[in-house]
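Per-entry structural report
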Amino acid sequence: GETILARILEASGLREGHEFATQVSLKNEQQSRYQPDVVIYLPQNKQVIVDAKVSLVAYERYFNSDTPEARQTALTEHINSVRQHIRGLSRKEYQDLSGINSLDYVLMFIPVEPAFLAALQNDSSIWADAYDKKVIISSPTNLFALLKLVDDLWKRNAQNKNTADIVTYGTKLYEQLVAFTASLEGVGQSLDAARDKYNDAYK
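Residues numbered from 1 in each chain as written. Predicted model: local features only at pLDDT ≥ 70, side-chain atom pairs only at ≥ 80, totals over all residues. Heavy atoms only, no water.

Our focus in this paragraph is the pattern of salt bridges. Two side chains that carry opposite charge are able to pair once their charged atoms sit near each other. Using the criterion set out here, one finds five salt bridges in the structure. Its salt-bridge partner being R61, residue E77 comes within 2.0 Å of it at the nearest N-O pair. On the criterion of sequence distance, the pair formed by E77 in helix α3 (residues 68-92) and R61 in helix α2 (residues 57-64) is long-range, its members being 16 residues apart. Judged by its relative accessible area of 32%, E77 falls in the partly exposed class. Take R61: its relative accessible area is 41%, and that puts it in the partly exposed class. Linking D123 and R83 is a salt bridge whose minimum nitrogen-to-oxygen distance equals 2.8 Å. Of this pair, D123 sits in the loop between α4 (113-122) and α5 (126-132) while R83 is found in helix α3, placing the two residues 40 residues apart along the sequence. The pair D123 / R83 is uniform in exposure class, with both members buried. (Salt bridge = Lys/Arg side-chain N within 4 Å of Asp/Glu carboxyl O. Helix = DSSP H or I, 4+ residues; strand = E, 2+ residues; numbered from the N terminus. Buried < 20%, exposed > 50% of the residue type's maximum accessible area, 1.4 Å probe, protein only.)

Moving on, we come to α3. Because an α-helix packs 3.6 residues into every turn, residues spaced three or four apart end up facing the same way. Along its 25 residues, α3 runs 36 Å from first to last C-alpha, staying within 8% of the 36 Å computed at 1.5 Å per residue. Within the span of α3, buried status applies to A74, L75, H78, I79, S81, V82, R83, H85, I86 and L89. Just downstream of α3, E93 is the residue with a positive phi angle, here 50 degrees. (Expected span 1.5 Å × (residues − 1).)

Looking now at the packing of α2 against α3. In the contact formed by α2 and α3, the axes pass within 8 Å of each other and the chain directions differ by 160 degrees. One element, α2, and the other, α3, form an angle in the roughly antiparallel class. Relative to α3, α2 is oriented so that their crossing is left-handed. Here A58, Y59, R61, Y62 and F63 of α2 lie close against α3, whose contacting residues are R71, A74, L75, E77 and H78. (Axes fitted to C-alpha atoms, helices over the stretch in contact; angles between N-to-C directions. Parallel < 35°, antiparallel > 145°, perpendicular 65-115°, else oblique. Left-handed = near helix turned anticlockwise from the far one by under 90°. Contact = heavy atoms within 4.5 Å.)

Okay, the pairing of strand β4 (residues 38-42) next. By the criterion of burial, β4 is predominantly enclosed, with four of the five residues buried. As judged from the three bridges shared by strand β1 (residues 20-22) and β4, these two strands associate in the antiparallel manner. The residue bridging F20 from the neighbouring strand is I40, located in β4. In terms of strand pairing, β4 meets strand β5 (residues 46-51) through five bridges, oriented antiparallel. Within β5, the residue paired with V38 across the bridge is V50. (Pairing = 2+ DSSP bridges.)

The next subject is α4. Within the sequence span of α4, burial applies to A115, F116, A118 and A119. What you see down the axis of α4 is that its buried residues fit within an arc of 165 degrees, all on one side. (Arc of directions from axis to C-beta.)

So, in structure tokens, the structure goes:
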């Protein structure tokens, strides 16, 4: 899961150490240590935490089962495993950790698209239940779309910053131009006065 997550992050255009960080060490008020897989940085000092540790052992059994009964048993175990991981993430309350100004939701990454679809198609309430617990279940496809959106947010943020810088420097340049023009007018007036005095002296 972490390997696939790393590939998606790389393909999204986000840069490690700039728009995201891996294996960040965080602590809660009781000084317990947490290490989320990825912290995605958003403009305006916001972060989103991504967890990629969901177990797919039961899904593998479901995928490789030979009989309908075995498949159904493994599928039920897979759904229960996903739900258990949702509860575990919800209890961690990443948004309350020191040094994190997180959105209220944690992204739970399921790295195998069919495993994600199997859980959602066979348990129609799982996504809504996760959302109520402030966990958003994500597959490779929709995570990539989300990361491209984050990349676009950073580009727009940079454009807005550039626009603000242009206005700031343009204003300063205009003020300097006005001051320079005033100085030139003073020089011209001084030259006119000097010319008059020269003419008087010459006469």
